[in-house]
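# Observations on the model geometry
Here's the letter readout for the chains.
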Amino acid sequence: METKLISQAVIGRLPRYFRYLGDLKDAGVERISSQELSEIMKVTASQIRQDFNNFGGFGQQGYGYNVEYLYKEIGKILGMDQVHNLVIIGAGNLGSALANYMNFERRGFIFRGMFDKNPDLIGKEVRGIRILPMEELERFVREKDIDIAVLTIPKAGAVEVAERLVQNGIRAIWNFAHVDLNVPKGIQVENVHLSDSLMKLSYKINRYMQENGSTAGSAGERKA
Ligand code: NAI
């Protein structure tokens, strides 16, 4: 497939296409037109066609796209045809919740190990994954061919841990710590801030209330 520079906006929409197409495939749908996909996904049909044209259009012929083919091709672009080995650093609430979520494995993201600096947690297990001490991190990452590290620790330790991971061959960091990581070129970082998403929701509530009067729902003002 031709590799050209694809905008972040298009890349940002691919996982959603992939999810919807996976559901359609599971429901036994074989073909779908951009118009039908547009109605299900609430995106315009022209947006869908433009997005897909970045990748050669995925051969829409006659009636619509072949769902299975489209799902596979978008999956390949997203690297979903490969297995990724992950470690979680920080076996607290968030780290454990992620380790407990089985669906990541269906997508090829396999949690291989968990690490924590708290001696009380070492040796415990989360869904069969043993929590290991930080001293074993480097060797584990190298020997188990770990490519993604999930950082679910407070920001205070995140920069140092990220450096250790990078020095030992990690290729990507899924960063939940509330700090910007300054990593060398070639190391991919995806920052996740759930609170940003909540703030967007708050903004939408505010905007709706400004446009429609403040009667819809009555969240009330926050008391200081
Ligand atoms: P938690 O306190 O339950 O777990 C944190 C774990 O990290 C603890 O087990 C602790 O021993 C370990 N830890 C701390 N420093 C470490 C280090 N340098 N090396 C190895 N292990 C270390 O906290 P929780 O609720 O799991 O949250 C973890 C972090 O994620 C917090 O700092 C929080 O701010 C952040 N967070 C981020 C979210 C986001 O959307 N980005 C959402 C929720 C939490």
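Before any of the text, the structure's been laid out above.
The following refers to the structure shown. (Residues numbered from 1 in each chain as written. Predicted model: local features only at pLDDT ≥ 70, side-chain atom pairs only at ≥ 80, totals over all residues. Heavy atoms only, no water.)

The contact between helix α2 (residues 34–41) and helix α3 (residues 45–53) brings their axes to 8 Å, and the two run at 110 degrees. Of the possible angle classes, the one that applies to α2 and α3 is roughly perpendicular. The two elements α2 and α3 cross, and the hand of that crossing is right-handed. Judged by residue contacts, S34, Q35, L37 and S38 of α2 engage A45, I48, R49 and F52 from α3. Split into classes, the residues belonging to the contact of α2 with α3 amount to four nonpolar, three polar and one charged. (Axes fitted to C-alpha atoms, helices over the stretch in contact; angles between N-to-C directions. Helix = DSSP H or I, 4+ residues; strand = E, 2+ residues; numbered from the N terminus. Parallel < 35°, antiparallel > 145°, perpendicular 65-115°, else oblique. Left-handed = near helix turned anticlockwise from the far one by under 90°. Contact = heavy atoms within 4.5 Å. Nonpolar A, V, L, I, M, F, W, Y, C, P; charged D, E, K, R; others polar.)

Taken as a whole and judged by the stated rule, the model has eight salt bridges. Notably, a salt bridge pairs R139 with E143, separated by 3.4 Å at the nearest N-O pair. Residue R139 and its partner E143 are located together in helix α7 (residues 137–143), separated by four residues, close to a single helical turn. On the accessibility criterion, R139 (45% relative accessible area) is partly exposed. The network of salt bridges with shared partners includes E138, E160 and R164. (Salt bridge = Lys/Arg side-chain N within 4 Å of Asp/Glu carboxyl O. Buried < 20%, exposed > 50% of the residue type's maximum accessible area, 1.4 Å probe, protein only.)

Turning next to the sheet that holds strand β8 (residues 172–175). In space, the seven strands of this open sheet follow the order β5-β6-β4-β3-β7-β8-β9, with mixed pairing throughout. Each having just a single partner strand, β5 (125–126) and β9 (188–191) make up the two edges of the open sheet. Of the pairings in the sheet, the one linking β5 to strand β6 (residues 129–133) comprises two bridges and is antiparallel in character. Each residue of the ladder has a partner; that of E125, found in β6, is R130. This element, helix α5 (residues 93–100), spans β3 (84–89), β4 (109–116), β5, β6, β7 (148–151) and β8 of the sheet and lies at about 155 degrees to β4. (Pairing = 2+ DSSP bridges.)

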